[in-house]
Amino acid sequence: MRTFIYTIAFSALSAMLCAQNTFVKGYILTEKGDTIKGEVRLNAKKEGDNYYKVFFKDNNGMQKNYKPEKTKGYGFENKHFVSMESDGEVKYFEIVVKGSLSLYKIMQEVMKMNELFFEAEYYLTTEGENKPIAVKESKFKKQITELMKDNAELAASYAEEKKFDLEKATDLFKSYNAWKAGK
């Protein structure tokens, strides 16, 4: 009977641990620019950790925690992250759109009503710049009008939106980058 109880307890504990952390195929970009392939550990309970550190296991089985100040970036599945400094701290920014005008996402830890949770914030960069500019949700139309002044017609196509809309902004950035590449 005791063995049965231990078996059930061990099975339940194993299932909980496996549900929290899973490894997926991924890569790390080292400070030197080398790409190391292996697996990235994901923690379903703390998605926000992806923006501050990455636990990586290379193809040789070596496991290591990486922080953004020690790498250029990392990726897994269809998600790619780059290291950039914002507010005096180096973080991993998820690439939403990459090009002449790039859009990034980061999850910031926020406390409301004595409860911690993660909230998405968006940033953008222009070609050649590595300092992200915070997207001002209520003034996004003004930001893109300034950044896309070389294609005012395309920037004006966002005119009906009063605030930042991720899906429409993504389409706009992709269109602008395609136009810029074809110039």
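Calculation criteria
- Residues numbered from 1 in each chain as written.
- Predicted model: local features only at pLDDT ≥ 70, side-chain atom pairs only at ≥ 80, totals over all residues.
- Heavy atoms only, no water.
- Pairing = 2+ DSSP bridges.
- Helix = DSSP H or I, 4+ residues; strand = E, 2+ residues; numbered from the N terminus.
- Salt bridge = Lys/Arg side-chain N within 4 Å of Asp/Glu carboxyl O.
- Buried < 20%, exposed > 50% of the residue type's maximum accessible area, 1.4 Å probe, protein only.
- Phe/Tyr/Trp six-rings, centres within 6.5 Å; stacked < 30°, edge-to-face > 60°.

### Regarding the pairing of strand β6 (residues 79–86)
Move 1: As paired strands, strand β5 (residues 71–76) and β6 are joined by four bridges and run antiparallel to one another. By the bridge assignment, Gly-73 is partnered in β6 with Val-82.
Move 2: The hairpin formed by β5 and β6 contains two residues between the paired strands, and Glu-77 there has a positive phi angle of roughly 45°.
Move 3: With six bridges joining them, β6 and strand β7 (residues 89–97) adopt antiparallel strand pairing. Note that in β7 the partner of Phe-81 across the bridge is Glu-94.
Move 4: Between β6 and β7, which pair antiparallel one after the other, the connecting turn spans two residues, and Asp-87 there sits at a positive phi close to 55°.

### Here's the deal with the pattern of salt bridges
Move 1: Counting across every chain of the model gives four salt bridges.
Move 2: Residues Glu-39 and Lys-57 are paired through a salt bridge, measuring 3.5 Å at the closest nitrogen-oxygen approach. Residue Glu-39 is found in strand β2 (residues 35–43), and its partner Lys-57 is found in strand β3 (residues 54–58); the two are separated by 18 residues along the sequence.
Move 3: By relative accessible area, which is 27% here, Glu-39 ends up partly exposed.

### Brief notes about the packing of aromatic side chains
One pair of aromatic rings is described through two measures. These are the centre distance and the angle between the planes.
Move 1: Counted under the stated rule, the structure contains 14 aromatic pairs.
Move 2: When the centroid spacing of 5.2 Å and the interplanar angle of 75° are considered together, the rings of Phe-140 and Tyr-158 count as edge-to-face. Of this pair, Phe-140 sits in helix α2 (residues 140–147) while Tyr-158 sits in the loop between α3 (152–156) and α4 (166–182), and the two are 18 residues apart along the sequence.
Move 3: Tyr-158 sits in the buried class, given a relative accessible area of 4%.
Move 4: An aromatic cluster is built from Tyr-51, Tyr-74, Phe-76, Phe-81 and Tyr-92, whose rings are joined through pairwise contacts.

### A word on unusual backbone geometry
Move 1: Even without a glycine there, the phi angle at Glu-77 is positive, about 45°.
Move 2: Examined against the element boundaries, Glu-77 turns out to sit in the loop between β5 and β6.
Move 3: Assessed through its relative accessible area of 57%, Glu-77 is described here as exposed.
Move 4: At Asp-87, a position not held by glycine, the phi torsion is positive, near 55°.

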